[in-house]
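Here is how the chains run, residue by residue.
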Amino acid sequence: MGFLERAIRRGVRDGVSNAVSKALQPTVNQLADQATTAAQQYADEVGKSIKICPSCGEGATADKKFCQKCGTALPEQTVSESAVCAKCGTQNHVGSKFCQSCGEKLTDTIQQ
Ligand SMILES: [Zn+2]
Ligand SMILES: [Zn+2]
């Protein structure tokens with residue numbers, strides 16, 4: 001195989017792989033978005049029945065009163081309820097730092 005032929009082959013291969021990665025890029029981003037949305041929905045759903053220990057960050061089911069790990073009294077609110085804005089009452093996504101409606105800072109029990 002001559003130099004020129006090798007160069008052409010490499011050029012074609014690079015061109016193809018660039019084209020492929022360009023073509024795949026939006027799909028990958030879309031999938032990442034979908035995965036993030038799915039994970040967020042899952043967190044919102046799970047957050048309805050989960051409390052987080054304010055002391056050690058351990059998760060506990062909503063019926064528990066004390067942390068199984070360190071014995072600290074658990075908050076009354078579930079993770080989901082603690083994402084409700086105290087100012088305007090909007091139910092925000094679990095793990096949000098600020099209210100999506102009015103921008104009020106949320107008490108973030110999930111992020112230690
Ligand atoms: Zn604890
Ligand atoms: Zn708000």
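Look a little higher up for the structure.
Everything numeric here is computed off the predicted structure, so don't read it as measured data.

Draft legend 1. Broad picture of the environment of Gln41. Of note, Gln41 is situated in helix H1 (residues 3–47). Exposure remark for Gln41: the relative accessible area of 53% places this residue in the exposed category. The sequence separation of Gln41 and His93 amounts to 52 residues, and the corresponding C-alpha distance is 8.2 Å.

Draft legend 2. Layout of the coordination of the zinc ion (ligand 1). With distances of 2.2 to 2.3 Å, the protein atoms coordinating the zinc ion (ligand 1) are Cys53 (SG), Cys56 (SG), Cys67 (SG) and Cys70 (SG). Every donor counted, the four donor atoms about the zinc ion (ligand 1) form angles of 104 to 120° at the centre, which fits tetrahedral coordination. In primary-sequence terms, the residues that donate to the zinc ion (ligand 1) follow C-x2-C-x10-C-x2-C. In this pair, Cys56 is assigned in the loop between strand S1 (50–52) and strand S2 (59–61) and Cys67 in the loop between S2 and helix H2 (79–82), connecting sequence segments 11 residues apart. A relative accessible area of 6% means that Cys67 is categorised as buried.

Draft legend 3. Summary view of the coordination of the zinc ion (ligand 2). The zinc ion (ligand 2) binds to the protein through Cys85 (SG), Cys88 (SG), Cys99 (SG) and Cys102 (SG), with metal-donor distances spanning 2.3 Å. If you look at the zinc ion (ligand 2), its four donor atoms make angles of 104 to 116° with each other, and the shape they trace is tetrahedral. Counting gaps between the donor residues of the zinc ion (ligand 2) yields the pattern C-x2-C-x10-C-x2-C. Taken together, the residues span a long stretch of sequence, with Cys88 in the segment after H2 and Cys99 in the segment after H2 at a distance of 11 residues. We classify Cys99 as buried; its relative accessible area is 5%.

Draft legend 4. Representation of the side chain of Asn92. Mapped onto the elements, Asn92 comes out in the segment after H2. A relative accessible area of 2% means that Asn92 is categorised as buried. Within the local environment of Asn92, its side chain forms a polar contact with the backbone nitrogen of Gln100, the two atoms lying 2.7 Å apart.

Draft legend 5. Quick look at the environment of Ala83. Examined against the element boundaries, Ala83 turns out to sit in the segment after H2. The exposure class assigned to Ala83 is buried, which follows from its relative accessible area of 6%. Separated by 28 residues in the primary sequence, Ala83 and Ser55 have C-alpha atoms spaced 18 Å apart. Apart from the residues within four sequence positions on either side, Ala83 is in contact with Thr90, Gln91, Asn92, His93, Val94 and Leu106.

Draft legend 6. Focus on the pattern of salt bridges. Here the structure, examined in full by the defined rule, presents four salt bridges. Note that Lys87 and Glu104 form a salt bridge whose closest N and O atoms lie 3.8 Å from each other. In this pair, Lys87 is assigned in the segment after H2 and Glu104 in the segment after H2, connecting sequence segments 17 residues apart. A relative accessible area of 60% means that Lys87 is categorised as exposed.

Draft legend 7. Representation of the packing of aromatic side chains within the structure. By the definition in use, this model includes zero aromatic pairs. In this arrangement the basic side chain of Lys105 is found over the ring face of Phe98, its NZ or CZ atom lying 5.9 Å from the centre.

What counts and what doesn't
- Residues numbered from 1 in each chain as written.
- Chains lettered and ligands numbered in written order.
- Predicted model: local features only at pLDDT ≥ 70, side-chain atom pairs only at ≥ 80, totals over all residues.
- Heavy atoms only, no water.
- Helix = DSSP H or I, 4+ residues; strand = E, 2+ residues; numbered from the N terminus.
- Buried < 20%, exposed > 50% of the residue type's maximum accessible area, 1.4 Å probe, protein only.
- Donors = N, O, S within 2.8 Å, 3.2 Å for Na, K, Ca; no water.
- Tetrahedral: all angles 85-135°; square planar, octahedral: opposite > 155°, others 65-115°.
- Polar contact = N/O pair within 3.5 Å; in protein donor to acceptor, adjacent residues only side chain to side chain.
- Contact = heavy atoms within 4.5 Å.
- Salt bridge = Lys/Arg side-chain N within 4 Å of Asp/Glu carboxyl O.
- Phe/Tyr/Trp six-rings, centres within 6.5 Å; stacked < 30°, edge-to-face > 60°.
- Lys NZ or Arg CZ within 6 Å of the ring centre and 35° of its normal.

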